[in-house]
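Residues per chain, in single letters:
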Number of protein chains: 4
Amino acid sequence: MYIPIILGTAREGRQSEKVAYYIEDKVKEAGITTKILDVRDFRIEATTTEGAIVKRYKNEITKAEALIIVSPEYNHAYPGELKMMLDMAYNEYSGKPVGICGVSAGGLGGARVVEQLRLVLAAFGMIQIKESLYFSNVESLFDTKGTIQDASYDERVVKFLKQLKEGVK
Amino acid sequence: MYIPIILGTAREGRQSEKVAYYIEDKVKEAGITTKILDVRDFRIEATTTEGAIVKRYKNEITKAEALIIVSPEYNHAYPGELKMMLDMAYNEYSGKPVGICGVSAGGLGGARVVEQLRLVLAAFGMIQIKESLYFSNVESLFDTKGTIQDASYDERVVKFLKQLKEGVK
Amino acid sequence: MYIPIILGTAREGRQSEKVAYYIEDKVKEAGITTKILDVRDFRIEATTTEGAIVKRYKNEITKAEALIIVSPEYNHAYPGELKMMLDMAYNEYSGKPVGICGVSAGGLGGARVVEQLRLVLAAFGMIQIKESLYFSNVESLFDTKGTIQDASYDERVVKFLKQLKEGVK
Amino acid sequence: MYIPIILGTAREGRQSEKVAYYIEDKVKEAGITTKILDVRDFRIEATTTEGAIVKRYKNEITKAEALIIVSPEYNHAYPGELKMMLDMAYNEYSGKPVGICGVSAGGLGGARVVEQLRLVLAAFGMIQIKESLYFSNVESLFDTKGTIQDASYDERVVKFLKQLKEGVK
């Protein structure tokens, strides 16, 4: 089973990569093949569904049996670079399960970006799992080595991955 | 009074520029100074609030007394390049009136992108006018010279601009 | 296969019942057992998950293998009586496919209520199908006998029901 | 200045009334006339804009110079009874400032109900203030006498009321 993780921000000093690495470890622990699809590696200048970068992205989504998206919340919504990446593909998403990890500097766990993304993913015809993960106060949630400081997340990730796996036909 | 128009897509063959030019004419007819802020002229590689391009954008928003956003609907939401541009500024938006023009290839007038944008603009503390404009079936709405084929839009634009102007303190 | 249709408005003179009856016919034609769950038959005074009416509603949802929701758009969103009915159940919805029919007096087909409902249904862990149905200008869409005046809907309903049936495990 | 507070749930054992009473005290402290408009006192059976209860509600909104809404988050959205009450009026809301207090049993402060309400209030043409208030973990946030246990809210309420007052023309 191959479930890549989209890292949805290219911003300098992005905190969400800590979440992406944490999730990557957990996905591997669950015996699932994974890889981080970093928006930095799929930069385009304008929304398009054509070109070499788009082709490379579509290949990844085609291979994927499900998808995890890690996204910070910028002004109550997703980063533009994430939307540009998501809009590169369309049919490739159809019918695949997807789970979202919201990331927030403050205390609301990215709850709003999760909701906005849900509507985009519904437009793709993806199967949304019930569980979302909310990472509040991300700067203090991980230590300098990237180790999560709140062990209760481990259990939630297990539930999240269980729902993703069950969704794969 | 200076009310610029943000053109929110950089996509090749973008239809929304017809709407932007149409609105630009109407704003000028109303005696308001305007200019199209084209996302193509404010390209950045990653969400940021620093740098020369950002500074240029912030200057435009600082000068603006109100804002018009013209955005197509890609997968029920705004183009990534538009969000990247919007996220360049923050305090510069506060308290300024804003109106949205949704653009759609199909029949639903971009109703969904208008709603998603409203939440981003609320995060900026902008004053949202009640009237939004919905441009359905955009490819056939304008002729090859860019003239709108449905005269009923003119009246709606007048109402839209009236609300924007009244919102300026 | 049992797929009931929720009729989401109790308003006097509601136009959405025409859509519900039309969908009911189509579901029967497809050989699926159905029934209209009318919000008028499940009135409560305050949001609750207890009592005889709630029990009756939960029984219906438990029996259902999938769900269709017909909802008008009141002020860009769902009627309160629909939300009161939906909130009566919770676990009963989990993992079941659901499709939404938006109904609108104007030209935007209830696109906004569809999006707001999607987020509520995601909270229930329902499986959302890709296709939604948009009924614009509902007052003129049906004749006085309730016959739809635009034959193109028939094809869309077939696609909608196909996705719903495929979603049933 | 008269700014009533809408209490948006009629549910037995509702926790949101603690928030409403807390806000009521603060509004009074700020020298503003207020009153709680409790959904329990405006019950109707179906969405309507006619009748004695509706008339009473419209009178309140007509008198109001601004509005505060206190709403719990039920399944990521507002209670049905709140939407029924809001839909009783329309023109009465136009151009008036409004602020939202989200209430949540969990840790996300009702962030999602705030966003869904914003879209309804935009449809009414209300002026949304930037600041919203998020009451997380509401059951433990107040003691048995209804006293808030986290003093940092006081400062946020001051900012919230300041924006509301400034919005009143």
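All of these numbers come straight from a predicted model, not from anything done at the bench. (Residues numbered from 1 in each chain as written. Chains lettered and ligands numbered in written order. Predicted model: local features only at pLDDT ≥ 70, side-chain atom pairs only at ≥ 80, totals over all residues.)

Each helix and strand counted, chain A has 6 helices and 6 strands in total. Tracing chain A from N to C terminus, the helices and strands come up as β-α-β-α-β-α-β-α-β-β-α-α. The C-alpha radius of gyration of chain A comes to 15 Å, within 12% of the 15 Å expected for a compact globule of 169 residues. Principal-axis analysis of the C-alpha atoms places the extent of chain A at approximately 40 × 35 × 25 Å. Per-residue burial for chain A yields a buried fraction of 53% across its 169 residues. Sequence-distant contacts in chain A: of pairs separated by 6 or more residues, those separated by 24 or more amount to 82%. (Helix = DSSP H or I, 4+ residues; strand = E, 2+ residues; numbered from the N terminus. Rg over C-alpha atoms; globule rule 2.2 N^0.38 Å. Buried ≥ 20, exposed ≤ 12 C-beta atoms within 10 Å, placed from the backbone. Contact = placed C-beta atoms within 7 Å.)

So, on to the environment of Tyr74 of chain C. By secondary structure assignment, the location of Tyr74 of chain C is in the loop between strand E3 (67-72) and helix H3 (80-86). A sequence separation of 37 residues divides Tyr74 of chain C from Leu37 of chain C, and the C-alpha atoms of the two residues are 20 Å apart.

It is worth spelling out the relation of the copies chain D and chain B at this point. Superposing chain D onto chain B takes a rotation of 180° combined with a translation of 0.0 Å along the rotation axis, leaving an RMSD of 0.0 Å. Each copy turns onto its partner about a two-fold axis. The rotation axis passes nearest to the C-alpha of Ile127 of chain D in chain D, at a distance of 3.2 Å. Taken as a fraction of all interface residues of chain D, those also at the interface in chain B reach 100%, which identifies the copy contact as same-surface. (Least-squares fit on C-alpha atoms with pLDDT ≥ 70 in both.)

What follows is about helix H4 (residues 111-123) of chain A. All names here are of chain A. For H4, with 13 residues, the first-to-last C-alpha span of 19 Å sits near the 18 Å given by 1.5 Å per residue. For H4, a buried count of 13 out of 13 residues is recorded, marking the element as mostly surrounded by other parts of the structure. Taken from the residues just after H4, Gly125 is the one with a positive phi, measuring 75°. (Expected span 1.5 Å × (residues − 1).)

Here we take up the relation of the copies chain A and chain B. When chain A is fitted to chain B, the residual RMSD is 0.0 Å, and the transformation amounts to a turn of 180° plus an axial shift of 0.0 Å. Here 100% of the interface residues in chain A have copies in chain B that are interface residues too; the copies meet face to matching face.

What follows covers the interface of chain D and chain B. With 8 residues of chain D in contact, the opposing surface of chain B contributes 8 residues. At the level of secondary structure, the elements contributing two or more residues to the side of chain D that touches chain B comprise helix H4 (111-123) and strand E5 (127-128) of chain D. For the side of chain D that touches chain B, the leading source of residues is H4 of chain D, giving 4 residues. Class assignment for the residues of the side of chain D that touches chain B results in 3 nonpolar, 2 polar and 3 charged. (Nonpolar A, V, L, I, M, F, W, Y, C, P; charged D, E, K, R; others polar.)

In helix packing, the relevant descriptors are the interaxial angle and the interaxial distance, both defined with respect to the helix axes. Contact pair H4 of chain A / helix H4 (residues 111-123) of chain C: the axes reach a minimum separation of 10 Å and the direction vectors enclose 105°. Viewed along their axes, H4 of chain A and H4 of chain C adopt a mutual orientation that is roughly perpendicular. Note on element contacts: H4 of chain C touches H4 of chain A through Glu115, Arg118, Leu119 and Ala122 of chain C, opposite Glu115, Arg118, Leu119 and Ala122 of chain A. Here the residues of the contact of H4 of chain A with H4 of chain C are counted per class, giving 4 nonpolar, no polar and 4 charged. (Axes fitted to C-alpha atoms, helices over the stretch in contact; angles between N-to-C directions. Parallel < 35°, antiparallel > 145°, perpendicular 65-115°, else oblique.)

Here we come to the interface of chain A and chain B. If you look at the interface, chain A gives 25 residues, while chain B gives 25 residues. If you list the elements that add at least two residues to the side of chain A that touches chain B, you get helix H3 (80-86) and H4 of chain A. If one sorts the elements of the side of chain A that touches chain B by residue count, H3 of chain A sits on top with 5 residues.

We note that Asn137 of chain A has phi near 45°; this positive angle belongs to a residue other than glycine. Positive phi values are uncommon outside glycine, yet Asn75 of chain C reaches one of about 55°. Within the secondary structure layout, Asn75 of chain C lies in the loop between E3 and H3. Given 20 C-beta atoms within a 10 Å radius, Asn75 of chain C is considered buried.

Glancing now at the pairing of strand E4 (residues 97-103) of chain A. Residue and element names in this part refer to chain A. In terms of residue burial, E4 counts as a mostly covered element, since 7 of its 7 residues are buried. Neither face of E4 is open: one carries Pro97, Gly99, Cys101 and Val103, the other Val98, Ile100 and Gly102, and all of them are buried. As judged from the 6 bridges shared by strand E3 (residues 67-72) and E4, these two strands associate in the parallel manner. By the bridge assignment for E4, Val70 is matched with Cys101. (Pairing = 2+ DSSP bridges.)

Looking now at the environment of Asp143 of chain B. All names here are of chain B. Relative to the elements of secondary structure, Asp143 occurs in the loop between helix H5 (138-141) and helix H6 (152-167). Classification of Asp143 by C-beta neighbours within 10 Å gives exposed; the count is 10. Asp143 sits 125 residues away from Lys18 along the chain, and the two C-alpha atoms are 9.6 Å apart.

Confidence in the prediction for chain A averages 97 pLDDT; 100% of positions are at 70 or higher. Both confidence scores are given for the complex: pTM 0.98, ipTM 0.97. (pLDDT = per-residue confidence, 0-100.)

Residue and element names in this part refer to chain B. One can find Ala64 in the loop between helix H2 (52-63) and strand E3 (67-72). It is 9.0 Å that separates the C-alpha atoms of Ala64 and Thr34, two residues lying 30 residues apart in sequence. With near-sequence residues (within four places) excluded, Ala64 lies in contact with Tyr2, Ile3, Pro4 and Lys96.

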